[in-house]
Amino acid sequence: MPRETDVAEQVRNVATRVAHTYGLDIFDVQFRREAGGMILRVQIDRPGPAASAEESVSVEDCARVSRDLSAIFDVEDIVPTAYTLEVSSPGLDRPLRGLDDYRRFTGRLAKVVMREKVDGQGFFRGRLAGVEGQDVLIDGEDGRAHRVPHPVITRANLEVEF
């Protein structure tokens, strides 16, 4: 039986083609065993800042991609076992990964956690102010501007704003 990472990579290739037909990207693919059995999670994303509900992934987008993937997976034997397919968006509190995400979401509120202290702190909450070189710029809630080297960031995500 193929490894779960191999299945996820094959699914990512198919899902990327399907998502692109709707002007969407693949954010993440996971294939793993959970309490209810094998779960195949595909997270889709809309390119651009996704600053408003109109610009983000809709339930209809998820349904279309799910329907298309199900049809392909029924024909091609990519997933070798019974599974549940879940198609969703990364969510309002989406993780930030590469420098492109920090650029894309400049101006948005985020929380950034570091493995080393920067300006005496282990995390910052504030507005993303862009990227310079390999540094993420944050206008902190403390009223100060912070420069965080991207390699020291262990995790970061957008904060939900209403």
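Our subject is the structure that appears above.
The structure presented is a predicted model; accordingly, all values stated were derived computationally and were not measured. (Residues numbered from 1 in each chain as written. Predicted model: local features only at pLDDT ≥ 70, side-chain atom pairs only at ≥ 80, totals over all residues. Heavy atoms only, no water.)

*Asks:* Where do I start with the packing of aromatic side chains in this structure?
*Replies:* When we look at a pair of aromatic rings, we describe it by the centre distance and by the angle of the planes. Taken as a whole, this structure holds 0 aromatic pairs when the rule is applied. Over the ring of phenylalanine 27 we find arginine 97, and its NZ or CZ is 4.1 Å from the ring centre. (Phe/Tyr/Trp six-rings, centres within 6.5 Å; stacked < 30°, edge-to-face > 60°. Lys NZ or Arg CZ within 6 Å of the ring centre and 35° of its normal.)

*Asks:* I would appreciate a short explanation of helix α2 (residues 59–75) in the present structure.
*Replies:* Look at α2: 25 Å from first C-alpha to last across 17 residues, which is about the 24 Å you get at 1.5 Å a residue. Residues of α2 that are buried: Asp61, Cys62, Val65, Leu69 and Phe73. End-on, the buried residues of α2 take up no more than an arc of 90°, which puts them together on one face. Exposed side chains of α2 directed beyond 90 degrees from the buried face belong to Val59, Glu60, Arg67, Asp74 and Val75. (Helix = DSSP H or I, 4+ residues; strand = E, 2+ residues; numbered from the N terminus. Expected span 1.5 Å × (residues − 1). Buried < 20%, exposed > 50% of the residue type's maximum accessible area, 1.4 Å probe, protein only. Arc of directions from axis to C-beta.)

*Asks:* Explanation requested: the pattern of salt bridges in the structure shown.
*Replies:* On inspection of all chains with the given rule, the structure shows 17 salt bridges. A salt bridge links glutamate 132 to arginine 147; the nearest nitrogen and oxygen atoms lie 2.5 Å apart. Note that glutamate 132 is positioned in strand β5 (residues 121–132) and arginine 147 in strand β7 (residues 145–149), a separation of 15 residues in sequence. Its salt-bridge partner being aspartate 142, residue arginine 144 comes within 3.9 Å of it at the nearest N-O pair. Look at aspartate 142 and you get partly exposed, because its relative accessible area is 39%. In the salt-bridge network here, residues are joined through shared partners; they are Arg32, Glu34, Arg41 and Glu86. (Salt bridge = Lys/Arg side-chain N within 4 Å of Asp/Glu carboxyl O.)

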